[in-house]
Amino acid sequence: MADELVNLTIDGVPVSVPKGTLVIEAAKQAGVLVPHYCYHPGLPVAGLCRMCLVDIEKAPKLQIACATQVAEGMVVRTQSPQAKSGRMGVLELLLINHPLDCPICDQAGECELQDFTFQEGRPATRYSPDYAKRFNPVEDFGPDVLYVPNRCILCTRCVRFMEDVAKEPVLNVSERGDRAYIGIHSEGRLDHPWAGNVVDLCPVGSLLSKDFLHKARAWELDKAASICTGCSQGCNVTLDTRENVVVRVRPRSNLEVNRYFICDHGRTNYRWMNRGDRIEAPLVRRGGGELHATDWDEAFDLVTSRLRGAGGKAVALVSPKASTEALYFVRELFRGLEWSGAFQVIMGEEAPLAGVPNLALRAERAPNGRGAELLGYSRDYAAAVAAAETASVVLVLDEPDIAVRTAGALIYAGTVFPERARDAHAVLPIANVAEEEGTFVNRDGRVQRYFQAKSAPGMTRPAWWVFSELVATLDGAHDGRVGTAAEAFDRLAASVEAFHGLSYAQLGFAGAPAPTAAAVPA
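What you see is a predicted model, and the numbers here were worked out from it, not measured in a lab.

A. Broad picture of the overall build of the protein chain. Of regular secondary structure, the protein chain possesses 13 helices and 25 strands. Overall, the protein chain is about 85 × 50 × 40 Å in size when its C-alpha atoms are taken along their principal axes. Across the 522 residues of the protein chain, 55% fall into the buried class. Restricting to contacts in the protein chain with at least 6 residues of sequence separation, those with at least 24 account for 63%. Here the protein chain displays about 22900 Å² of accessible surface, and carbon together with sulfur accounts for 52% of that area. Of note, the protein chain has its 54 positive side-chain charges centred 4 Å away from the centre of its 64 negative side-chain charges.

B. The packing of helix H8 (residues 324–333) against helix H12 (residues 485–495), seen in detail. At a closest axis distance of 9 Å, the pairing of H8 and H12 adopts a crossing angle of 60°. One way to sum up the angle between H8 and H12 is to call them oblique. The handedness of the crossing between H8 and H12 is left-handed. Each of Thr324, Glu325, Tyr328 and Phe329 in H8 lies in contact with H12, whose residues at this interface are Ala485, Ala488, Phe489, Arg491, Leu492 and Ser495. Of the residues belonging to the contact of H8 with H12, the class tally is six nonpolar, two polar and two charged.

C. Geometry of the side chain of serine 174. Examined against the element boundaries, serine 174 turns out to sit in strand S8 (residues 171–174). Side-chain polar atoms of serine 174 contact the side chain of asparagine 172, separated by 2.8 Å. Apart from residues no more than four positions distant in its own chain, serine 174 is found in contact with Arg179, Ala180, Tyr181 and Gly183.

D. Representation of the pattern of salt bridges in the model. Per the stated rule, a full pass over the model turns up 34 salt bridges. The residue arginine 267 makes a salt bridge to aspartate 200 at a minimum N-O spacing of 2.7 Å. You can see arginine 267 sitting in helix H6 (residues 264–268) and its partner aspartate 200 sitting in helix H5 (residues 197–201), a full 67 residues away along the chain. A residue is classified by how much of its surface remains accessible, and arginine 267, at 9% relative accessible area, is buried. When its relative accessible area of 30% is taken as the criterion, aspartate 200 is described as partly exposed. Measuring nitrogen to oxygen at the nearest pair gives 3.7 Å for the salt bridge that ties lysine 223 to aspartate 240. One end of the pair, lysine 223, is in strand S11 (residues 222–227); the other, aspartate 240, is in strand S12 (residues 236–242), with 17 residues separating them in the sequence. On the basis of relative accessibility, which here comes to 44%, the residue lysine 223 falls in the partly exposed class. Through salt bridges with shared partners, one network takes in Glu110, Lys223, Asp240, Arg248 and Arg250.

E. A look at the sheet that holds strand S20 (residues 393–397). Taking strand neighbours across the sheet as the criterion, the seven strands line up as S15-S14-S22-S21-S20-S16-S17 in an open arrangement whose pairing is mixed. Each having just a single partner strand, strand S15 (291–293) and strand S17 (338–343) make up the two edges of the open sheet. Shown here is a sheet whose adjacent strand axes are inclined to one another by a mean of 15°, direction ignored. Where helix H10 (residues 381–388) meets the sheet, its contacts fall on strand S16 (313–318), S17 and S20, and the angle it forms with S16 comes to roughly 140°. Strand contacts of helix H11 (residues 463–475): S20, strand S21 (409–414) and strand S22 (426–429), with the helix running at about 130° to S22, the strand carrying the most contacts.

F. Here's a closer look at the packing of aromatic side chains. Here the structure, examined in full by the defined rule, presents 15 aromatic pairs. Relative to tryptophan 465, the ring of tryptophan 296 lies with its centre 5.7 Å away and its plane at 80°, an arrangement referred to as edge-to-face. One end of the pair, tryptophan 296, is in helix H7 (residues 296–308); the other, tryptophan 465, is in helix H11, and 169 residues separate them in sequence. What links up through ring pairs into an aromatic cluster is the set Phe161, Tyr260 and Phe261. We note lysine 321 situated over the ring of tryptophan 272; from NZ or CZ to the ring centre the distance is 5.4 Å.

G. Expanded view of the sheet that holds strand S23 (residues 438–441). Read from one edge to the other, the open sheet built from three strands follows the order S23-S24-S25, with strand pairing classed as antiparallel. Pairing within the sheet leaves two strands with one partner each, and these edge strands are S23 and strand S25 (512–513). In terms of strand pairing, S23 meets strand S24 (residues 446–450) through four bridges, oriented antiparallel. Residue pairing in the sheet places phenylalanine 440 in a bridge with glutamine 448 of S24.

H. Here's a closer look at the side chain of aspartate 106. With respect to the helices and strands, the residue aspartate 106 is situated in the loop between helix H2 (81–94) and helix H3 (112–120). Buried and unpaired, aspartate 106 has no salt bridge, with arginine 217 as the nearest side chain of opposite charge at 4.9 Å. In terms of polar contacts, aspartate 106 uses its side chain to reach the backbone amide nitrogen of histidine 214, at 3.2 Å. If we skip the residues at most four places from it in the chain, aspartate 106 touches Leu208, Phe212, Leu213 and His214.

I. Highlighting the nonpolar core. Of all hydrophobic cores here, the largest spans 83 residues; its most connected members are Tyr37, Phe161, Leu171, Leu190, Val198 and Leu353. It is helix H4 (residues 157–165) that provides the largest number of residues to this core, a total of five residues. Leave out the neighbours within four places in its chain, and leucine 171 touches Phe141, Cys158, Val159, Met162, Glu163, Ile182, Gly183, Ile184 and Leu190. Listed in part, the 54 residues of the second largest apolar core include Leu333, Phe343, Tyr377 and Ile430.

J. Structural context of the pairing of S20. Among the five residues that make up S20, five are buried, leaving the element largely enclosed by the rest of the structure. Sheet topology places S16 next to S20; four bridges connect them, and they run parallel. Bridge pairing in S20 places leucine 317 opposite valine 396. Bridge analysis of S20 against S21 gives five bridges, and the strand direction is parallel. Bridge pairing in S21 places valine 394 opposite leucine 410.

K. How the structure looks around the environment of glutamine 344. Here glutamine 344 is to be found in the loop between S17 and strand S18 (351–352). The class for glutamine 344 is partly exposed, based on a relative accessible area of 31%. Expressed as a C-alpha distance, the spacing of glutamine 344 and serine 319, which sit 25 residues apart in the sequence, is 6.5 Å. Beyond its immediate chain neighbours, meaning those up to four positions away, glutamine 344 contacts Val318, Pro320, Tyr381 and Glu399.

Parameters at a glance
Residues numbered from 1 in each chain as written. Predicted model: local features only at pLDDT ≥ 70, side-chain atom pairs only at ≥ 80, totals over all residues. Heavy atoms only, no water. Helix = DSSP H or I, 4+ residues; strand = E, 2+ residues; numbered from the N terminus. Buried < 20%, exposed > 50% of the residue type's maximum accessible area, 1.4 Å probe, protein only. Contact = heavy atoms within 4.5 Å. Areas by Shrake-Rupley, 256 points an atom, 1.4 Å probe, with all protein chains shown as cover. Lys, Arg positive; Asp, Glu negative; His and termini not counted. Charge placed at Lys NZ, Arg CZ, Asp CG, Glu CD. Axes fitted to C-alpha atoms, helices over the stretch in contact; angles between N-to-C directions. Parallel < 35°, antiparallel > 145°, perpendicular 65-115°, else oblique. Left-handed = near helix turned anticlockwise from the far one by under 90°. Nonpolar A, V, L, I, M, F, W, Y, C, P; charged D, E, K, R; others polar. Polar contact = N/O pair within 3.5 Å; in protein donor to acceptor, adjacent residues only side chain to side chain. Salt bridge = Lys/Arg side-chain N within 4 Å of Asp/Glu carboxyl O. Pairing = 2+ DSSP bridges. Phe/Tyr/Trp six-rings, centres within 6.5 Å; stacked < 30°, edge-to-face > 60°. Lys NZ or Arg CZ within 6 Å of the ring centre and 35° of its normal. Core = buried A, V, L, I, M, F, W, Y, C linked by side-chain atoms within 4.5 Å.

Next up, the structure:
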């Protein structure tokens, strides 16, 4: 039976895991990280680096934890003298040719070779200082990948990813013995849409991203859990920032969405988060003249006065990159009016990751299109733009390429100021996804949180706060204001059936399916 449990002991800690579990994974249940290089849970087992040697009772010799399945009553010792001596010997061999270039290596501070050498290695080398280390020149593998063969420990993670996951076997192990290195097909390039994952998989500084090269040291980075905005897949990512600038996007594991990988489009789609041409203060039009900078109170008063005097139709043209919370409060802002809302979806090429079911760069570049639909927004953007011409109030939420004509009041909320928004009666500056907390709903109906990675410029505020304040001002409900993104989501979950029962605490870092959100057909 798949659910049959096996009982064993690891370093004195009793553990129960499903039958067929590898010892290296069972050890994690006991709070033990067995050192390893070639093993990765998202790749086929190779068992070739031998770094995960452990002492198993009644076994005639040391065993590798990455290729040994648990057995009933098994007793594993990861810290016995024999196991530690075995791992120390493996490290000594791995370091024979490894250069001492940690001070200039991008992997320094995140390097598993550094970590395990500190944990498992010898205090000094037994090799003569006259021993000549192997040297090979740096190679250009593709649009964003450099290969530094001198640092390579031949774990073959990159080879297995391209062969078994990407299904494009352009990498191999060339030569034999101490001459071996990672080779690339003579007519091949590492230009697969998911090729950037080899950089994340490399446990040392052998495969490097050209985009991140020499940008920052690991200890200078602040990290925040986020959601990729590149398409509707909703891949989990980590945003690395240095001095309030996003400098790198890396995959964050989520077995229900993207496992351990992200596509190169999502990996490089971050520079807009650092744009300098931002709106930093609310702008209002006084007496039919020019737009003038003001404070939030005057901006809220002007917008709500327009809404109170509005009759007839109201139209909301929103972005599928806006948070679910912001889209909810936009809808609430028009409560009591005859309103319609729509979002525009930009389409692109689809790029599946062949070895992982239901994982692809989706054609729809809409991270929250499903969330907008659950809140009643339509995909018929052209019809909404046409309806805006006769509407009394039109609200545009972050659509830089808007082409809206209306006889009524135009309210624009966005991160940057497009030329066509200069006709707006009020301009409200909002934070981008890296500067706020919120949720997206991916194409499969999974509600996922993203966290703030950097501060917003000037007087910019999260969109959910801006629209919740407008709702409170319009209703005169000063005691019912929303102070945090969690409170905004609670308000949403209480009133929209598709989100009933959910909360930020329940979503955590992995998200949860919306109770009544059907998945979009593949």
